[in-house]
Amino acid sequence: MRDYIGSHRALNALEFTELALGFEELPAGLDRDLFRGPLTFESPEEESARLDAARDIIDDLRTEGAAGDEVAAWDALYADALTRTVPFLRSAARGRSAGAEAAA
């Protein structure tokens, strides 16, 4: 007997549970908020400090990747891509405030 959740086939009990219940916990690894920014307000000082730390970490990951650590190289690419994203809620809030300023 085979177990499917939607179009995905669960090969063992753990996969079946994950597919059935979803993924509640983020996988171990990079802190997404560090690179893309939190979903809540952060002051300009907090943003500057976060971005400085993110750049330092990306540089370290690139160095490790260049030394042969393939996982670090992929993490560097992923983290760098996250720095170019804007969480939807933050971009919507900025759009609303820009619209209010333009109307004034």
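Residues numbered from 1 in each chain as written. Predicted model: local features only at pLDDT ≥ 70, side-chain atom pairs only at ≥ 80, totals over all residues. Heavy atoms only, no water.

A.B. asks: It is not clear to me how the nonpolar core should be interpreted in this structure. Could you clarify?
C.D. replies: It is characteristic of soluble globular proteins that their nonpolar side chains tend to be buried jointly. Counting residues in each nonpolar core, the largest one holds six residues, listed as Leu34, Phe35, Ala54, Ile58, Ala79 and Leu82. Those elements that place two or more of their residues in this core are α2 (32-36), α3 (44-66) and α4 (70-82). In contact with Ile58, not counting residues within four places along its chain, are Phe35, Ala76, Ala79, Asp80 and Thr83. (Core = buried A, V, L, I, M, F, W, Y, C linked by side-chain atoms within 4.5 Å. Buried < 20%, exposed > 50% of the residue type's maximum accessible area, 1.4 Å probe, protein only. Helix = DSSP H or I, 4+ residues; strand = E, 2+ residues; numbered from the N terminus. Contact = heavy atoms within 4.5 Å.)

A.B. asks: What should I look at first to understand the packing of α3 against α4 in this one?
C.D. replies: Working note: a packed helix pair is described by the angle between its axes plus the distance between those axes. Remark: α3 packs on α4, axes separated minimally by 7 Å, with the N-to-C direction vectors making an angle of 150 degrees. With respect to α4, the axis of α3 lies roughly antiparallel. As for the relative orientation of α3 and α4, their crossing is left-handed in sense. Of α4, the residues touching α3 (which contributes Ile58, Leu61, Arg62, Glu64 and Gly65) are Ala72, Ala73, Asp75, Ala76, Ala79 and Asp80. Residues of the contact of α3 with α4, tallied by class, amount to six nonpolar, one polar and four charged. (Axes fitted to C-alpha atoms, helices over the stretch in contact; angles between N-to-C directions. Parallel < 35°, antiparallel > 145°, perpendicular 65-115°, else oblique. Left-handed = near helix turned anticlockwise from the far one by under 90°. Nonpolar A, V, L, I, M, F, W, Y, C, P; charged D, E, K, R; others polar.)

A.B. asks: Where do I start with a negative patch on the surface in this structure?
C.D. replies: Taken together, Asp56, Asp60, Glu64, Asp69 and Glu70 make up a surface patch of like negative charges. The element best represented in the negative patch is α3, accounting for three residues. With respect to the secondary-structure elements, Asp56 resides in helix α3. (Patch = residues over 30% accessible without salt bridge, like charges linked within 9 Å, V, L, I, M, F, W, Y side chains within 5 Å. Areas by Shrake-Rupley, 256 points an atom, 1.4 Å probe, with all protein chains shown as cover. Salt bridge = Lys/Arg side-chain N within 4 Å of Asp/Glu carboxyl O. Lys, Arg positive; Asp, Glu negative; His and termini not counted. Charge placed at Lys NZ, Arg CZ, Asp CG, Glu CD.)

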